[in-house]
Amino acid sequence: MENLHEQWGVSEAAASLHADALVWDGHAGFAYTDSSDLEELDRWHTSGVNYLSLNAVYDVKPWELAIECISSYRHWIRAHGDTVIQVETIDDVRKAKKECKLAVSFDIEGMNALNGDVGMVDFYYRLGARQMLFAYNRNNLAGGGCHDDDCGLTEFGRDVILEMNRVGMIVDCSHTGYKTAMQAIEHSGSPVIFSHSNARNLQDHERNIPDDLIKAAADNGGLVGVTGVGWFLGPKGSVVEHLIEHIDYMVQMIGPEHVAISMDSILNKEEPEEESFASNYQYWPKSQYPDNGLGGFIPPEDFPKVTQGLMDRGYEEKHIRGILGENYLNLAERVWK
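First, a word on what this report is: a plain description of the structure on this page. (Residues numbered from 1 in each chain as written. Predicted model: local features only at pLDDT ≥ 70, side-chain atom pairs only at ≥ 80, totals over all residues. Heavy atoms only, no water.)

What follows deals with the nonpolar core. Grouped together as the largest cluster of nonpolar side chains are 101 residues, with contacts concentrated most on Trp24, Leu41, Leu54, Tyr124, Phe134, Ile247 and Trp336. With sequence-adjacent residues up to four places away left out, Ile247 is seen in contact with Val226, Val259, Ile261, Val306, Leu310, Tyr315 and Ile323. Tyr58, Val60, Phe232 and Tyr289 belong to the second largest nonpolar core, which has 10 residues in total. (Core = buried A, V, L, I, M, F, W, Y, C linked by side-chain atoms within 4.5 Å. Buried < 20%, exposed > 50% of the residue type's maximum accessible area, 1.4 Å probe, protein only. Contact = heavy atoms within 4.5 Å.)

Let's shift gears to the packing of helix H11 (residues 303-312) against helix H12 (residues 317-335). Packing of H11 against H12 brings their axes to within 10 Å, and their N-to-C directions diverge by 150°. Judged by the angle between their axes, H11 and H12 are roughly antiparallel. Viewed along their axes, H11 and H12 form a crossing whose handedness is right-handed. Residues Thr307, Leu310 and Met311 of H11 form the contact with H12, whose participating residues are Ile320, Ile323 and Leu324. (Axes fitted to C-alpha atoms, helices over the stretch in contact; angles between N-to-C directions. Helix = DSSP H or I, 4+ residues; strand = E, 2+ residues; numbered from the N terminus. Parallel < 35°, antiparallel > 145°, perpendicular 65-115°, else oblique. Left-handed = near helix turned anticlockwise from the far one by under 90°.)

Before going further, it helps to examine unusual backbone geometry. Its identity is not glycine, yet Asn137 carries a phi of approximately 70°, on the positive side. Within the secondary structure layout, Asn137 lies in the loop between strand S5 (129-133) and helix H7 (155-167). Asn137 sits in the buried class, given a relative accessible area of 0%. At Asp264, a residue that is not glycine, the phi angle is positive and equals roughly 60°.

Dropping the structure here:
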């Protein structure tokens, strides 16, 4: 413990607070290949992260891949129970923190994974998916994406929200079009989140969200998870400095209890060419994802530096603890069943 500040490159005070706090990363954008993906979970574990939500599938991939991915991941997690815990209940998160393990659940990016069947919501929840967003950048059966002509929340999307509310799955509006997101917030009986979205007023990108959506999520009891994708952060790209700026901007607007962190870090593996930012312009328009050197991701190893950055800004300890993880924990306690 005494050398953590050297390992993490932060002050002793920041290392102590970071190690003691519950640190919750609300989304990692793994592009599933096989269970060997999870060998890099140790990067989160050694960076003081206690909970991680792993992407199981997104609309770019065939919906059936979600089942293969979750099956493979759950098997791997069972085989590595000495360091990782599969989350079924909120108590599993607390248990992982107490036992110095990493708690893992799944999220789904886009409702193509439902294959048009509302009943799949309960199915995925039972498999460990705890949050799901509407549309990954493009329109689908449930609603509109942020890089498309937003069609708004569909009747199918409304039915899915009601089922998500019933089973306890968190409604997520990242990657979703403005109209669809606002309608989802109005329709949901449970808090709605933007798991990994930044402030559009600071960085004008279609994936970021305007102030009224930030406020609507907070007014609904939800939160916004600031993300570490370079294009969404600022002129320096994927640096902690910009991440702190987005956190601070939202805190000043909606209060520290509605702000969290979802880095959207990805593995070092190379994705197939047809699934990369550089080639699939349907999902990642070149105008929004230029080859300008800013497309990196803040790695999980930089989580302690976020704690340091918030301390340097003069944030109270209770608010730092909230942003690092307790805000997400409190929301999950209200929504999960």
